[in-house]
Amino acid sequence: MDHETRACDFLVMGSGIAGLFFALHAAEHGRVVVVTKKQSAESSTNHAQGGIAAVTSKEDSFAMHVRDTLEAGAGLCREEVVRTIVEEGPARIAELIDLGMRFTEREIPNEPGRRELDLGREGGHSKRRILHAQDMTGREIERALLAAASRRPNIQILENHCAIDLITSQKLGRSGPNRCAGAYVLDVVGGRVLTFSAPVVVLATGGCGKVYLYTTNPDIAAGDGLAMAYRAGAGVANMEFIQFHPTCLYHPRAKSFLISEAVRGEGAVLRTIDGEEFMGRYHPLKSLAPRDIVARAIDSEMKRTGADHVFLDITHKPARFIMQRFPNIYSRCMELGIDITKELIPVVPAAHYQCGGVVTDVNGVTEIAGLYAIGEVACTGLHGANRLASNSLLEALVCASRAARHSREHRPAPLAQPLPPWQSGQAHNPDEAVVVAHNWDELRRAMWDYVGIVRTNKRLERARKRIGNLQEEIQEYYWDFIVTRDLLELRNLAVVAQCIVDCALGRPESRGLHYNLDFPRPDPAWAQRDSVIHKDSQGG
Ligand code: FAD
Ligand code: SIN
């Protein structure tokens, strides 16, 4: 395979909200290259519906947003991180608006001609505080940020460039503290591996929903950044806390389509297939209870009734309101033959968000010098054991801007030694696509069956065994053959699956999103204790 070496000041992996916001800040201080796996807009960000949580109204306060976040996080949030992110949120939102983001507005009641930001509501929030662009908030964020990036000559975005692995001083055999010096990146279209040398490398690669059979995430969410950081020796924490979104559309022709929590925020209720409004039996906030509780309640109702879905009902609201507030959800469901103004929406829980990730502080600083992690790939301590709805876009904005400042102020000198080119296998395997697809399917099914919403140690052990076997098989194929994006993703998904299972087995209690029937209650001894793992200590 051909190779080529390139240098820049900031190498950013990912063009979602975290990567692009970082790039816009860093571009004032050096050359930024953003590598992105597919097209620039393809990201979880682009699919975000509900919006961004931030305190912008007089009826709301930082204290209330902090309290709601801590409550959802079930004793595992880092309070100082929560406070920083909540308090810096409004300024970052103002910057986003200055960059061109258009949030939905409404007329101020009793003040004709005057407008204000329209605020949505979602589960676990005690106030209306979700800024949104109808039900397509993410699409509008990507549009605004990509347009702003295109006006900065210092930012180069390389599409169809898939990062393979980080280059660290440790991997180069240097003694002393580990530091990152660049990365190997597969140019998918050009069929070559580029060696990037950069004093600052930023993981903004998003989450890992594709490790589960059913997910709301787009195909790019293969946990690449987490796996690369783990292989490079960085700490990874709290991966047992995978958030399952309660309401993914259940329809044979709808892959991964989310029905936003904002729909429940506007009054929709969950019903069993017999029509019973069941959430009152599980939580005083009923259909607007925190996500972990709603997802477990649905799981339990589906098991109790033997049904393969439940229903979401918003038919009591005026049709005009539904079509104006949720035009994307309305038209997608209509395409599939469901008129949500008149009919119930079939929904099921699906893997949605990784609350854990690469261990960082609130500046995105990892345990490896020169390496930053921001957005969903990072574990800052904001989410604890369960993320409050619409807090992730907020975290990405605040941490991206802080990481840009920190990396500018603490930029290490480039490594003196030249970086070696990527060593790849040479063989092409005609069966490769079949093998990858088969292994991918097996992995995702095992994760869904054994490491889902409700867990037991026996199921987790079973998953660990299967993942181990798969890893051996993948390793054999991986090292023999020329790398492809599918192969890289499969290898990364197996690492992520292992991290989830290792963290889950390491927590002998139930807390937030991690529910284990063998330990059905929270154990006070485990409050404030993160599940931190390292490659070397795991032997993986
Ligand atoms: P992403 O936006 O996922 O971007 C990751 C980027 O990294 C992509 O460009 C991808 O191509 C690239 N990438 C990945 N691997 C590689 C690699 N190996 N090499 C190069 N590039 C790579 N959160 C909220 O706060 N509010 C919401 O309303 C909301 N709604 C959501 C709805 C859906 C359907 C989903 C899936 C998520 C939602 N979330 C929401 C969560 C939120 O959208 C994500 O957590 C957030 O967008 C993550 O941003 P990010 O920049 O970290 O990653
Ligand atoms: C949604 O719109 O329901 C998603 C919000 C989120 O994941 O924060």
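Up top you'll find the structure we're talking about.
Residues numbered from 1 in each chain as written. Chains lettered and ligands numbered in written order. Predicted model: local features only at pLDDT ≥ 70, side-chain atom pairs only at ≥ 80, totals over all residues. Heavy atoms only, no water.

Draft legend 1. Representation of the sheet that holds strand β3 (residues 32-35) within the structure. On the basis of which strands lie adjacent, the open sheet formed by 5 strands has the order β9-β3-β2-β13-β20 and parallel pairing. With partners counted over all chains shown, the strands left at the sheet margins are β9 (155-158) and β20 (371-373), one partner each. Looking at each pair of strands side by side, their axes are set apart by 20° on average, direction ignored. Sheet topology note: the β3/β9 ladder contains 4 bridges and is parallel. (Pairing = 2+ DSSP bridges. Helix = DSSP H or I, 4+ residues; strand = E, 2+ residues; numbered from the N terminus. Axes fitted to C-alpha atoms, helices over the stretch in contact; angles between N-to-C directions.)

Draft legend 2. Just the site of ligand 1, in detail. Around ligand 1, a shell composed of 37 residues is seen, among which T45, G51, D224, E376 and S392 lie nearest. In the model, a nitrogen atom of ligand 1 is placed 3.4 Å from a nitrogen or oxygen of the Q49 main chain. A distance of 2.7 Å separates a nitrogen atom of ligand 1 from a polar atom in the side chain of S392. When ligand 1 sits alone it has 1,000 Å² of accessible area, and the protein chains cover 99% of it. Counting residues per element, the ones that place at least two in the shell around ligand 1 are α1 (17-26), α2 (44-47), β10 (161-168), β18 (345-354) and α11 (391-409). The residue inventory of the shell around ligand 1, partitioned by class, reads 11 nonpolar, 21 polar and 5 charged. (Near = heavy atom within 4 Å. Polar contact = N/O pair within 3.5 Å; in protein donor to acceptor, adjacent residues only side chain to side chain. Areas by Shrake-Rupley, 256 points an atom, 1.4 Å probe, with all protein chains shown as cover. Nonpolar A, V, L, I, M, F, W, Y, C, P; charged D, E, K, R; others polar.)

Draft legend 3. A look at the state of the cysteines. Counted under the stated rule, the structure contains 0 disulfides. With no disulfide partner, C162 has as its closest neighbouring cysteine sulfur the one in C208, 16 Å distant. Distance from the sulfur of C333, which forms no disulfide, to the nearest cysteine sulfur (C248) is 11 Å. (Disulfide = S-S within 2.5 Å.)

Draft legend 4. Just the site of ligand 2, in detail. Near ligand 2 the following residues occur: Q49, G50, E122, H245, L258, S260, E261, R291, H352, R387, A389 and S390. Here an oxygen atom of ligand 2 and a side-chain polar atom of R291 are 3.0 Å apart. At 2.6 Å from an oxygen atom of ligand 2 is found a main-chain nitrogen or oxygen belonging to S390. For ligand 2, whose accessible area on its own is 260 Å², the fraction buried by protein is 93%. When its residues are assigned to classes, the shell around ligand 2 shows 2 nonpolar, 6 polar and 4 charged.

Draft legend 5. Geometry of the sheet that holds β18. Strand order in the open sheet made by the 4 strands is β15-β18-β17-β16, with antiparallel pairing throughout. Unpaired on one side and paired on the other, β15 (242-249) and β16 (269-271) mark the two borders of the sheet. Strand-to-strand twist of the sheet, defined as the mean angle between neighbouring strand axes without regard to direction, takes the value 45°. Both β16 and strand β17 (residues 310-313) contribute to a ladder of 3 bridges, which runs antiparallel. Pairing of R271 across the sheet is with F311, part of β17.

Draft legend 6. Region of interest: the pattern of salt bridges. Within this structure, the stated rule accounts for 41 salt bridges. A salt bridge links E509 to R507, with the nearest nitrogen and oxygen atoms 2.7 Å apart. Taken together, the shared-partner salt bridges connect E4, R6, D187 and R192 into one network. (Salt bridge = Lys/Arg side-chain N within 4 Å of Asp/Glu carboxyl O.)

Draft legend 7. Representation of the packing of α1 against helix α5 (residues 137-150) within the structure. Interaxial distance between α1 and α5 falls to 10 Å at its minimum, and their mutual angle equals 30°. Taken together, the axes of α1 and α5 lie roughly parallel to each other. Crossing hand, α1 versus α5: left-handed. Residue-level inspection shows I17, L20, F21 and L24 of α1 in contact with α5, the latter providing I141, E142, L145, L146, A148 and A149. Classifying every residue of the contact of α1 with α5 by side-chain character gives 9 nonpolar, no polar and 1 charged. (Parallel < 35°, antiparallel > 145°, perpendicular 65-115°, else oblique. Left-handed = near helix turned anticlockwise from the far one by under 90°. Contact = heavy atoms within 4.5 Å.)

These values are about where atoms sit, not about what they do.
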